Amino acid sequence: ILNVEQSPQSLHVQEGDSTNFTCSFPSSNFYALHWYRWETAKSPEALFVMTLNGDEKKKGRISATLNTKEGYSYLYIKGSQPEDSATYLCAFYSGAGSYQLTFGKGTKLSVIP
Amino acid sequence: GAVVSQHPSWVICKSGTSVKIECRSLDFQATTMFWYRQFPKQSLMLMATSNEGSKATYEQGVEKDKFLINHASLTLSTLTVTSAHPEDSSFYICSARDVLRGLNTEAFFGQGTRLTVV
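Residues numbered from 1 in each chain as written. Chains lettered and ligands numbered in written order. Predicted model: local features only at pLDDT ≥ 70, side-chain atom pairs only at ≥ 80, totals over all residues. Heavy atoms only, no water.

## Remarks on the sheet that holds strand S8 (residues 76-81) of chain B
Residues and elements named next belong to chain B. Note the cut-off: At least two bridges found by DSSP between two strands is the condition for calling them paired. The helix and strand labels rest on DSSP assignments: H or I over at least four residues marks a helix, E over at least two residues marks a strand, and numbering proceeds from the N terminus. Axis lines are fitted to C-alpha atoms, over the contacting stretch for helices. Their N-to-C directions set the angle, which ranges from 0 to 180 degrees.
Taken together, four strands build an open sheet; the order of strands is S1-S3-S8-S7 and the sheet is antiparallel. The sheet is open, and its two borders are formed by strand S1 (4-7) and strand S7 (67-73), each paired with just one other strand. Across the sheet, the axes of successive neighbouring strands diverge by a mean angle of 15 degrees, strand direction being ignored. Bridge count for S1 against strand S3 (residues 19-25) is four bridges, and the pairing is antiparallel. Among the inter-strand pairings, serine 5 is bridged to a residue of S3, identified as arginine 24.

In structure tokens:
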């Protein structure tokens, strides 16, 4: 059973604050690490698919880093806005089997105006 | 981006009845789709992998006779919860990856179905 852990489980930040959260995953048999944003009443949407150790990806105010040797990824949000409020999921893909992803429980972010 | 459509978004049914949930990929051919279930405060847990034209692959502990999966075309997979009981009440969501574009492609999700069995 693959173990994908996310922390914290939830957090509240003030509008304008920057924040970050963590995803840890198995460091062996790594193929890719995905980040998704899941807003209430909507479908999860992909933010990043990361494959290379040391990789850093950015989309607007959101960025992510990847350390495959130690098995963790950080997601950063700069200058949080209320519309960033969502649950952020990470998912591990080992490259084996039939393409399924193993998800963490998510980090629920609430940005207070 | 690709779209996956899932219906219904919510359903309430009586104990003992069956419920069918549909998942469609609207603009790519999905040879493989995934069905997840999520209980409160838990992860999305993979129930089964739906393969077009062949039998689904079920995860350990998921009853294949209770959760019937049919993937008869490249754009449609269905999950039927048979003889539903209150403990089957949960959030069910499907996803698909367009792996013909490569193994690094993201997953696209349906909107999810909230099932309540009374």
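Having seen the model, we can carry on.
## A word on the packing of aromatic side chains
So the rule is basically this: Here a Phe, Tyr or Trp ring, Trp counted by its six-membered ring, pairs with any other such ring whose centre lies within 6.5 Å, and the pair is stacked when the planes are under 30 degrees apart, edge-to-face when over 60, and tilted otherwise. Only protein chains enter the calculation, and the probe is 1.4 Å; a residue is then buried if its accessible area is under 20% of its type maximum, exposed if over 50%, and partly exposed in between. Here, a charge over a ring means that NZ of Lys or CZ of Arg falls within 6 Å of the ring centre while also lying within 35 degrees of the ring normal.
Counting across every chain of the model gives 16 aromatic pairs over all chains. Consider the rings of tyrosine 31 of chain A and tyrosine 93 of chain A, whose centres lie 5.4 Å apart with planes at 70 degrees: the pair is edge-to-face. Taken together, the positions of tyrosine 31 of chain A in the loop between strand S3 (19-24) and strand S4 (32-38) and tyrosine 93 of chain A in strand S9 (residues 86-93) put the pair 62 residues apart, joining distant regions of the chain. In this structure tyrosine 31 of chain A comes out as partly exposed when scored by relative accessible area, which is 32%. The cationic tip of arginine 97 of chain B hangs over the ring face of tyrosine 93 of chain A; the distance from NZ or CZ to the ring centre is 4.5 Å.

## Details of the interface of chain A and chain B
Stated formally: Should any heavy atoms of two residues lie within 4.5 Å, those residues are counted as being in contact. We define buried area as the total accessible area lost by two parts upon association, computed with a 1.4 Å probe and summed across both. Any carboxyl oxygen of Asp or Glu within 4 Å of a side-chain nitrogen of Lys or Arg constitutes a salt bridge here. Under this definition, polar contacts are N or O atom pairs within 3.5 Å; protein pairs additionally need one hydrogen-donor-capable and one acceptor-capable atom, and for neighbouring residues in sequence, both atoms have to be side-chain atoms. When residues are grouped by polarity, Ala, Val, Leu, Ile, Met, Phe, Trp, Tyr, Cys and Pro land in nonpolar, Asp, Glu, Lys and Arg in charged, and all others, Gly among them, in polar.
Between chain A and chain B, the residue contacts involve 20 residues of the former and 22 residues of the latter. Between chain A and chain B, roughly 1800 Å² of surface is buried when both sides are summed, and carbon and sulfur atoms account for 62% of that area. The interface formed by chain A and chain B includes zero salt bridges. Remark: the boundary between chain A and chain B carries five residue pairs in polar contact (both at pLDDT 80 or more). Here the side of chain A that touches chain B gets four residues from one element, more than from any other, and that element is S4 of chain A. Broken down by class, the residue content of the side of chain A that touches chain B amounts to 12 nonpolar, seven polar and one charged.

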